[in-house]
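Summary of structural features
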Amino acid sequence: MDTPGDGGRGIKMHRATRILIVDYGMGNLHSVRKAFEACGGAVALAGDPGEVAAADALVVPGVGSFGDCAGGLARSGMKDAVAGFIRSGRPYLGLCLGLQILFPSSEEAPGVPGLGIIPGRVRRFSGSLKIPHVGWNTIAFPGGGDARTPARGAGVQDPARLGIDPPPAGRCPIFRGVQDGAYVYFAHSFYPEPEDPAVSASATEYGMTFASAIWKDNIIATQFHPEKSQRAGLAMIRNFVAFAAERAAARPANGDEP
Amino acid sequence: MEYRRIIPCLDTKDGRLVKGVNFIGLKELGDPAESGAAYSEAGADEIVFLDITATPEGRRTFIKAVRQVAARINVPLTVGGGVGSLRHIEELRAAGASRCAVNTAAVRRPGLVREAAEEFGSEAVVVAIDTRASESAPSGFEVVVGGGRVPTGMDAVEWARRVEGLGAGTILPTSMDADGTKAGYDIPMTRAVSDAVKIPVIASGGAGTLEHLYDGIAEGHADAVLVASIAHYGTYTIRQMKEYLASRGVPVRL
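Residues numbered from 1 in each chain as written. Chains lettered and ligands numbered in written order. Predicted model: local features only at pLDDT ≥ 70, side-chain atom pairs only at ≥ 80, totals over all residues. Heavy atoms only, no water.

1. Regarding the interface of chain A and chain B
The interface is formed by 30 residues belonging to chain A together with 38 residues belonging to chain B. Together chain A and chain B conceal approximately 2600 Å² of surface at their shared face, both sides included; 48% is due to carbon and sulfur atoms. Counting every contact that joins chain A to chain B gives one salt bridge. The residue D223 of chain B makes a salt bridge to K130 of chain A at a minimum N-O spacing of 3.0 Å. Those elements giving two or more residues to the side of chain A that touches chain B turn out to be α1 (30–38), β6 (133–138), β7 (183–188) and α6 (230–250) of chain A. Top contributing element to the side of chain A that touches chain B by residue count: β6 of chain A, with five residues. (Contact = heavy atoms within 4.5 Å. Buried area = accessible area lost by both parts, 1.4 Å probe. Salt bridge = Lys/Arg side-chain N within 4 Å of Asp/Glu carboxyl O. Helix = DSSP H or I, 4+ residues; strand = E, 2+ residues; numbered from the N terminus.)

Shown next, in the form of structure tokens:
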């Protein structure tokens, strides 16, 4: 990956972008960490709310249930730290439960409050299809493909072009260079239903159409697992690392520069 | 869309890739990490990695092998074989397993399935069921444990329903009558299990031709097909398997 964020635009990089993966005690951050490292991200694991404040970007992966995730975050004091981080405007990436936890609640754990940052709810799949929804499925972007993404299904374009083309207007920054109709990996029984359909960054069909990714300003979250989604998934993570670097470079430094 | 999956299965003993017929007569086939990497690159939808070692020494070797396979692939990794406790599952997950398959230990203590589902989510819990034809079982199929050595008298379909209720997220039923024979999946058994539950079922044991894969899905009602001999011996590539299924109207990730 090129030095993120410079690209001749005169932005001076003074340090590596600090990406923090939140560890709320549920284990198995192996694949997420491995994927970020492969994408050139300077990642660390955080189990302590004190570490969150210094991060440039935060990743909340999904393991266990909504109740476990909310409970784990609350117990470790991470819940307030994560909410505060998101409010500060710095980039947030939620994966699977890391998406669901943005909502006020989930049918998986009635009465357990989530972060309540994205209005709406998290519902259980119903109907005749197999639950959990496990395996590969496609994502469709609002407005479909564009001139630079002609074919469906192959995953990503020429990697050399990544980070050069801006995403088409209205497309979530992590989907830059990713084709409309790309395959990604899902493993879930519950899906998000945002109140505002405009926050849906991709749609997936499984018995019905649901929002498989959410994007609102600095908040990006996927119901699928980019870290297990081969080339298309790695492109998304690379894009998030670049997004985090751009935002960090554009932000006034935290007192470490005059 | 419900895409059907092709899942290569790496059986290992003492850290080496092996394959047997009807659960015996093992042949060594090489390094599991190399095979895993090749399958991941070739378009496998997932990898299943099973330990059929019976010794504590071999178990430690297996954890190391899981780490090596996980480092080389970028698709989900399901790991099983001798998985006996939550602690063991944690260890395997730390080594890079996305999902763990429990088998004998779940038969001995069904509560393990519920505990694992509560701790790691249903999506992460696979229950492997080894079966053989049995006249005394109501469905005609009996559960066997201990690597196919110990008949339990339990009905396989009944057991599948029960583990679904306990929170299992996938069932992997393997017919030891068919395994390694390349004569096709045990379709009546696979279908009986698939039709009895609402969670995904992976057909396993016996695939030798492309038609067998199609039959597992179309006749066995499976959501995914496990492939071992047909893939390891280079009979067909993953791509050829998928193109065949697609040509017969089965949705696959190409």
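That covers the picture; the talk isn't over yet.
2. What about the confidence of the model for chain A?
Residues and elements named next belong to chain A. In this model, chain A carries an average pLDDT of 84, and 81% of its residues clear a pLDDT of 70 or more. Across chain A, the element-wise mean pLDDT spans from 86 in strand β2 (residues 42–46) up to 98 in strand β11 (residues 219–222). With pLDDT under 50 throughout, residues 157–165 is counted as low confidence; its partners more than four residues away or in other chains account for twelve contacts. (pLDDT = per-residue confidence, 0-100.)

3. Concerning the packing of helix α8 (residues 210–218) of chain B against helix α10 (residues 238–247) of chain B
Residues and elements named next belong to chain B. Running from N to C, α8 and α10 cross one another at 55 degrees; their axes reach a closest spacing of 10 Å. One element, α8, and the other, α10, form an angle in the oblique class. Like other packed secondary-structure pairs, α8 and α10 cross with a definite hand, here right-handed. Along its contact with α8, which presents L210, E211, L213, Y214 and I217, the element α10 presents Q240, M241, Y244 and L245. Classifying every residue of the contact of α8 with α10 by side-chain character gives seven nonpolar, one polar and one charged. (Axes fitted to C-alpha atoms, helices over the stretch in contact; angles between N-to-C directions. Parallel < 35°, antiparallel > 145°, perpendicular 65-115°, else oblique. Left-handed = near helix turned anticlockwise from the far one by under 90°. Nonpolar A, V, L, I, M, F, W, Y, C, P; charged D, E, K, R; others polar.)

4. Structural notes on the packing of aromatic side chains
For the structure shown, the criterion picks out twelve aromatic pairs over all chains. Taking the centre distance of 5.6 Å and the plane angle of 75 degrees together, the rings of W136 of chain A and Y185 of chain A count as edge-to-face. Placement of W136 of chain A in strand β6 and of Y185 of chain A in strand β7 is noted, with a sequence separation of 49 residues between them. Y185 of chain A shares its class with W136 of chain A; the two are buried. Relative to F243 of chain A, the ring of F240 of chain A lies with its centre 6.3 Å away and its plane at 50 degrees, an arrangement referred to as tilted. Within this pair, F240 of chain A and its partner F243 of chain A are both found in helix α6, separated by three residues, close to a single helical turn. For the pair formed by F240 of chain A and F243 of chain A, the shared burial category is buried. Grouping aromatic residues by their ring pairs yields a cluster made of F125, F186, Y191, Y206, F210 and F224 of chain A. Its end group placed over the ring of Y214 of chain B, R248 of chain B keeps NZ or CZ at 3.6 Å from the ring centre. (Phe/Tyr/Trp six-rings, centres within 6.5 Å; stacked < 30°, edge-to-face > 60°. Buried < 20%, exposed > 50% of the residue type's maximum accessible area, 1.4 Å probe, protein only. Lys NZ or Arg CZ within 6 Å of the ring centre and 35° of its normal.)

5. Observations concerning the layout of surface pockets
If you add up the space inside the second largest pocket, you get close to 770 Å³. Of all the secondary structure elements, the ones that give two or more residues to the lining of the second largest pocket are α1, α5 (97–100) and β7 of chain A together with α5 (111–120) and α6 (156–166) of chain B. The element that contributes the greatest number of residues to the lining of the second largest pocket is α5 of chain B, accounting for four residues. Considered class by class, the residues forming the lining of the second largest pocket number 18 nonpolar, 15 polar and eleven charged. (1 Å grid on protein atoms, 1.4 Å probe; cavity = no way out; pocket = protein on both sides within 12 Å on 5 of 7 lines; lining within 4 Å. Points joined across faces, edges and corners; volume = space filled by probe spheres on them.)

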